[in-house]
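Chain by chain, the residues:
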Amino acid sequence: MAGLLERNRIPLWIIPEKFVAEAAHRQGVTPDDLEAERDGLPGVRLRPGIGRKVLDDATALMVADRSAHHVIPFDMEDQCRELWCYAAVAVGLAGYYATSGASKKQCRVVGEVLGAFGCCSDGDKPECTKVATLEAALDNVRVPHSAGSVPADLAEVEPQITALHLLGLRVEWTSNHMGHFAVISGWQDDPEPSVWIDDPAGYHEFVKLAELRAGTYRKTPCTWTDTYLTMVPPRRIRVPEDVWAQVRAESGEGGGAR
Amino acid sequence: MTTSTGTVDPSVVEAVRERLSVVVGRPELRHRKLGRADPATIALTLPHRVYALGVNELAEGLPLRRARPVAEAFLVLDGEAVVAAAEVSPEGHVTISEGSAIDALAGTVEQVDADPDVGTEGAEVRVLRVPEVNLLALWLHRPGGDGDLIVPVARPPAPVQAGRRYDPDELSAVLVDVGHRHLRPPESGN
């Protein structure tokens, strides 16, 4: 590890001591095995082979002590250009739902939404470096969506995630009134409501919902202006014309084309 | 505790520790680095402040030294590897982040550290961030030394170049155009 990172290292012990003690006790660690300090941190001197087991057990106790995260393993791709967050979010959602638009790249979505040619060969040209709405991009990649509450609360996020449906959100930065789109892919409520946000600017963030609802995202003043409830697109079922006619005939409706 | 980046408030470290204990090693987060991380080997490093400016201030050419601190922050280590960042707002809200932006920031720290032309000893490490224009940069504040140095991280707004070393005044001048470009009407997203 490089110098700056090593020089500034701060030891951190995130497993609560009570769980380490409980796990150690279960593993038969005796008071003689204990020492007061280890690298400035409280700890136990453990016999070879037993240390890892104690830590694993303590970790399991820590995990069991907290409410689970309810998350959809969603992979947001980074936006390819400065203003293309709408395209990155749309492409990510289309891929997740495997819609008929899932094969589109961001540059194609941008071109089709903006009515611009050549965005895949030169995405930096002016007609391709424009902003757009997420609604237009979602329509372009065939992701059904509807408007949710603004700002959303956990009561709205929870059933969406339970149904394996992702939520889009738009924040509007206070300093320039431009928007930014991202995706809510999970939640957790212990000790307070929080959400997982997948941001095409290159972040997967665990954020307190209260902070977001109060108008701060990435420690920057903003307003949560839109919530997009996305859903699985309806599947088209193909029935051959002759089969359809036969069913209709057998039901007494008579044959013939529709 | 004291580092080359200044004194770290133990209550800030405790807030981060508490928040990390909620996410690290969770089996339902195995698709994330923090979910796969070993709680026994988690540590923090590079305590720093995050500074910000508004887009309107970029457009006005406000010097970067006027940027405001918006969070106390750390990089999060799993063993030797940087896996995330943790930020604490003045109100005490802790945000844990991972992803390509954090990976790129860690890479820039290592790049600067390995550069024999850059003196990091005694420098105060900062991060400059303007989310409205997708700008994230490592900022070495070196009062009385060689002068401040700012290195933008991957995919900054054009014409800012990732990995290039900027003098703050030089970067400020470049960001004037970026600011103007991002002062646009609402009803859209970037």
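Per chain, residue numbering runs from 1 following the sequence as it is written. Throughout, the order in which chains and ligands are written sets their labels, letters from A for the former and numbers from 1 for the latter. Per-residue local features are limited, in this predicted model, to residues with pLDDT of at least 70; the limit for side-chain atom pairs, both in listing and counting, is 80 or more; totals at the level of whole chains, interfaces and linings are taken over all residues. The side-chain numbers reported here are obtained from all heavy atoms of the structure, hydrogens and water having been left aside.

## Considerations on the overall build of chain B
For helices the rule is a DSSP run of H or I covering at least 4 residues; for strands it is a run of E covering at least 2, with both sets numbered from the N terminus onward. Helices and strands together make up the secondary structure of chain B, namely five helices and nine strands. Its helices and strands in sequence order give chain B the pattern β-β-α-α-β-α-β-β-β-α-β-β-β-α, from N to C terminus. Only the C-alpha atoms count toward the radius of gyration. The rule for a globule is 2.2 Å times the residue count to the power 0.38. The globule rule puts the C-alpha radius of gyration for 190 residues at 16 Å, and the 17 Å found for chain B is close to it. Its C-alpha atoms put chain B at 45 × 45 × 30 Å along the principal axes. The proportion of buried residues among the 190 residues of chain B is 61%. For every residue, the accessible area obtained with a 1.4 Å probe (protein chains only) is divided by the maximum for its type, and the residue is called buried under 20%, exposed over 50%, and partly exposed between those limits.

## A look at the state of the cysteines
Residues and elements named next belong to chain A. To count as a disulfide, a pair of cysteine sulfur atoms needs to be within 2.5 Å. Under the definition given, this model contains two disulfides over all chains. A sulfur-sulfur separation of 1.9 Å characterises the disulfide bridge that pairs C107 with C120. Taking the torsion about the S-S bond as the criterion, the C107 to C120 disulfide, at about 90 degrees, is right-handed. Here C120 lies in the loop between α5 (106-114) and α6 (134-140) and C107 lies in helix α5, a separation of 13 residues in the sequence. Between the sulfur of C119 and that of C128 lies a disulfide, 2.1 Å long from S to S. What sets the handedness of the C119 and C128 disulfide is the S-S torsion sign, and at about -90 degrees it is left-handed. The two residues C119 and C128 agree in class, both being buried. Of note for chain A: the bonded cysteines, numbered N- to C-terminal, pair according to 1-3, 2-4. Here C80 stays free of any disulfide, with the sulfur of C107 as its closest cysteine sulfur at 7.2 Å. No disulfide involves C85; its sulfur sits 12 Å from the nearest other cysteine sulfur, which is in C80.

## Remarks on the side chain of T45(B)
Along the polypeptide, T45(B) turns up in strand β3 (residues 42-52). The term polar contact refers here to a pair of N or O atoms within 3.5 Å; inside protein, the definition further demands a hydrogen-donor-capable atom paired with an acceptor-capable atom, and it admits residues adjacent in sequence only when both atoms are side-chain atoms. Polar contacts involving the side chain of T45(B) include one to the main-chain carbonyl oxygen of L5(A), which spans 2.4 Å. The criterion used for residue contact is that any of the two residues' heavy atoms lie within 4.5 Å. Excluding residues within four positions of it along the chain, T45(B) makes contact with L4(A), L5(A), N8(A), R9(A), F74(B), L75(B) and L77(B).

## Notes on the environment of V82(B)
Tracing the chain through its elements places V82(B) in strand β5 (residues 81-88). Given a relative accessible area of 14%, V82(B) falls into the buried group. Measuring from C-alpha to C-alpha, the distance between V82(B) and G99(B) comes to 11 Å, with 17 residues separating the pair along the chain. For V82(B), the contacting residues outside a window of four places in its chain are L5(A), K33(B), L75(B), V76(B), L77(B), I102(B) and A106(B).

## What to know about the confidence of the model for chain B
The quantity known as pLDDT measures the predictor's confidence residue by residue, on a range of 0 to 100. The pLDDT averaged across chain B works out to 91; a share of 93% of its residues lies at or above 70. For this predicted complex, the interface confidence reaches an ipTM of 0.92, while the overall pTM sits at 0.89.

## Digging into the environment of V13(B)
Examined against the element boundaries, V13(B) turns out to sit in helix α1 (residues 10-23). Once the C-alpha coordinates of V13(B) and Y166(B) are considered, the two residues, 153 residues apart in sequence, prove to be 31 Å apart. With sequence-adjacent residues up to four places away left out, V13(B) is seen in contact with L12(A), V8(B), L44(B) and F74(B).

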